[in-house]
Structure formats: structure tokens, C-alpha cells
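# A structural walkthrough
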Amino acid sequence: MNKYELTVVLNVKLEDEERAAALEKVKGYITRFGGTVTNVDEWGKKRLAYEIQKMHEAYYYFIQFESDSVCPNEVEAHIRIMEPVIRYLCVRVDA
């Protein structure tokens, strides 16, 4: 299986429940298209303090997952149309 990291950036105006629901929806897309979510981290837990100020504009989440497909196009297509998602980036992390 290939390993990927999907960065999902959510609108800062979302309530905790709305952010959690959006992340669950993204994870649902990953599993629906054959991937397995292995980890989800928040921006502030992994980055330096000066970068955390970006949370005033958005919430950053890093979803690591494994899949046999090449960074599934179906997942990207569904994430692109999600209203709370400001932007996203999916990268393969293994060769």
C-alpha cells in the first residue's frame, strides 16, 4: 500500500462539532475509496509556535492514510466540493 498525507484546511469560523463532522466526512471518503486512515494531527501539535498564528485564519489537519490507488482522484473530487474546506493538499509520502 502507498502512504499519503492529506492536509485539510478548514474555515476558522466553524464550531468544534462542525470541524469534527467535516473531518469524519473526509475520513469517510478515504475509506469509501479503499484507503485506511492511520493518523490525524492538528497543526498546533506538530508545528513551531510562530506558525500556530495561522490558526487565526484556519484550522489545519494532517490525515495520514494508506491506499493502493494513487492519491485517489475520487477523494480529491469530494473534498474539493466540501463547503468548510478552504483548501487541501494530498501528497504521497513513500516511494
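Our structure is the block above this text.
In this text the structure is predicted, and so the values were computed from the model without any measurement. (Residues numbered from 1 in each chain as written. Predicted model: local features only at pLDDT ≥ 70, side-chain atom pairs only at ≥ 80, totals over all residues. Heavy atoms only, no water.)

## Things to note about the overall build of the chain
For the chain, the count of helices and strands is 4 helices and 4 strands. Secondary structure elements of the chain occur, N-terminal to C-terminal, as β-α-β-α-α-β-α-β. Sorting the 95 residues of the chain into buried and exposed places 38% on the buried side. Taking as baseline every contact in the chain between residues at least 6 positions apart, the subset at least 24 positions apart corresponds to 76%. (Helix = DSSP H or I, 4+ residues; strand = E, 2+ residues; numbered from the N terminus. Buried < 20%, exposed > 50% of the residue type's maximum accessible area, 1.4 Å probe, protein only. Contact = heavy atoms within 4.5 Å.)

## Considering the environment of Asn39
Relative to the elements of secondary structure, Asn39 occurs in strand S2 (residues 36–42). Taking the C-alpha atoms as reference points, Asn39 and Phe65, separated by 26 residues in sequence, lie 7.0 Å from one another. For Asn39, the contacting residues outside a window of four places in its chain are Phe62, Ile63 and Gln64. Separated by 3.0 Å, the side chains of Asn39 and Asp41 make a polar contact. (Polar contact = N/O pair within 3.5 Å; in protein donor to acceptor, adjacent residues only side chain to side chain.)

## Notes on the packing of aromatic side chains
With the rule as written, the count across this model stands at 1 aromatic pair. The ring of Tyr59 has Arg19 lying over it, and the distance from NZ or CZ to the ring centre is 3.8 Å. (Phe/Tyr/Trp six-rings, centres within 6.5 Å; stacked < 30°, edge-to-face > 60°. Lys NZ or Arg CZ within 6 Å of the ring centre and 35° of its normal.)

## Thoughts on a nonpolar patch on the surface
A cluster of nonpolar side chains, namely Leu89, Val91 and Val93, defines an oily patch on the protein surface of about 250 Å² accessible area. Relative to the elements of secondary structure, Leu89 occurs in strand S4 (residues 85–92). (Patch = residues over 30% accessible without salt bridge, like charges linked within 9 Å, V, L, I, M, F, W, Y side chains within 5 Å. Areas by Shrake-Rupley, 256 points an atom, 1.4 Å probe, with all protein chains shown as cover. Salt bridge = Lys/Arg side-chain N within 4 Å of Asp/Glu carboxyl O.)

## Looking at the nonpolar core
Buried together is how nonpolar side chains tend to be arranged in soluble globular proteins. Grouped together as the largest cluster of nonpolar side chains are 19 residues, with contacts concentrated most on Leu6, Val8, Leu10, Val26, Ile30, Ile63 and Ile79. Sorting the residues of this core by element identifies strand S1 (2–11), helix H1 (16–32), strand S3 (58–67), helix H4 (73–80) and S4 as the ones contributing at least two each. Residue contributions to this core peak at 5 residues, all from H1. Apart from the residues lying within four places of it in its own chain, the contact partners of Ile63 are Tyr4, Glu5, Leu6, Val8, Leu23, Val26, Lys27, Ile30, Val37, Asn39 and Val40. (Core = buried A, V, L, I, M, F, W, Y, C linked by side-chain atoms within 4.5 Å.)

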